[in-house]
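# Summary of the model geometry
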Amino acid sequence: MSNEEKKDFNKKLKEKKDMPKIVELDDEASKKWGGKTMVIAPPIDYDKFMKKVPKGKLITTDTLRKAMATKYDTDITCPLTCGIFVNICAWASYQRDNDITPYWRVLKTDGRLNEKYPEGVQLQKKLLEEEGYTIIQKGTKNIKYYVKDFSKYLMELE
């Protein structure tokens, strides 16, 4: 995302744009993604799920997608809009002084920190370390950060 500071992410968070949309997948999409139905849920739904993650627990974007599919009784959740809407939730929370969404507790599927969150991975790293998590670095040129043993802290969403 570009020019994040100039965007009103709390407004974007509340936009519904005819969502949720339930999409019937054709054979090609079904083979690619698995399943026959996919939901495109509104950003506010992601925010509500993210607010359920207490200190000491983590979730991944896959966890969010599974919970959203269950909520809307579909086989899958759109992975592209999930990534976009999780970032909208993070930036919206960052722009608020209260009613904070603990977006930093949402990791990528492999336990990696999200470079698209506010202040890049540095703020997420700082907030996770303050909660007691160990952050490890992998790579030398294309450095990525991960929560050590992240799967021990994962929770399910309902």
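Throughout what follows, the structure given in this document is the object of discussion.

Rules used in this analysis
Residues numbered from 1 in each chain as written. Predicted model: local features only at pLDDT ≥ 70, side-chain atom pairs only at ≥ 80, totals over all residues. Heavy atoms only, no water. Salt bridge = Lys/Arg side-chain N within 4 Å of Asp/Glu carboxyl O. Helix = DSSP H or I, 4+ residues; strand = E, 2+ residues; numbered from the N terminus. Buried < 20%, exposed > 50% of the residue type's maximum accessible area, 1.4 Å probe, protein only. Contact = heavy atoms within 4.5 Å. Axes fitted to C-alpha atoms, helices over the stretch in contact; angles between N-to-C directions. Parallel < 35°, antiparallel > 145°, perpendicular 65-115°, else oblique. Left-handed = near helix turned anticlockwise from the far one by under 90°. Nonpolar A, V, L, I, M, F, W, Y, C, P; charged D, E, K, R; others polar.

## Considerations on the pattern of salt bridges
Counted under the stated rule, the structure contains 13 salt bridges. Asp-149 is the partner of Lys-152 in a salt bridge, and the nearest nitrogen-oxygen pair spans 3.9 Å. Salt bridges sharing common partners tie together Lys-108, Asp-110, Arg-112 and Glu-115.

## Focus on the environment of Pro-54
For Pro-54, the location among the structural elements is in the loop between α3 (43-50) and β3 (59-60). Residue class for Pro-54 comes out partly exposed when judged on its relative accessible area of 38%. It is 25 Å that separates the C-alpha atoms of Pro-54 and Gln-137, two residues lying 83 residues apart in sequence. Non-local contacts of Pro-54, meaning those with residues more than four positions away in its chain, are made with Arg-105 and Met-155.

## Concerning the packing of α3 against helix α4 (residues 61-71)
With their axes 11 Å apart at the nearest point, α3 and α4 run at an angle of 115° to one another. Between α3 and α4, the interaxial angle falls into the category roughly perpendicular. Considering only the axes of α3 and α4, their crossing is right-handed. Mapping the contact onto sequence places Asp-45, Tyr-46, Phe-49 and Met-50 in α3 and Leu-64, Ala-67, Met-68 and Lys-71 in α4. Its residues assigned to classes, the contact of α3 with α4 shows six nonpolar, no polar and two charged.

## Brief notes about helix α6 (residues 120-130)
Count 3.6 residues to each turn of an α-helix, and residues three or four apart come out pointing the same way. Those residues of α6 not exposed but buried are Gly-120, Val-121, Leu-123, Gln-124, Lys-125, Leu-127 and Leu-128. Its buried side turned inward, α6 meets α5 (79-94), β5 (106-107), β6 (135-138) and β7 (144-147).

On their own, these measurements won't tell you what the molecule is for.
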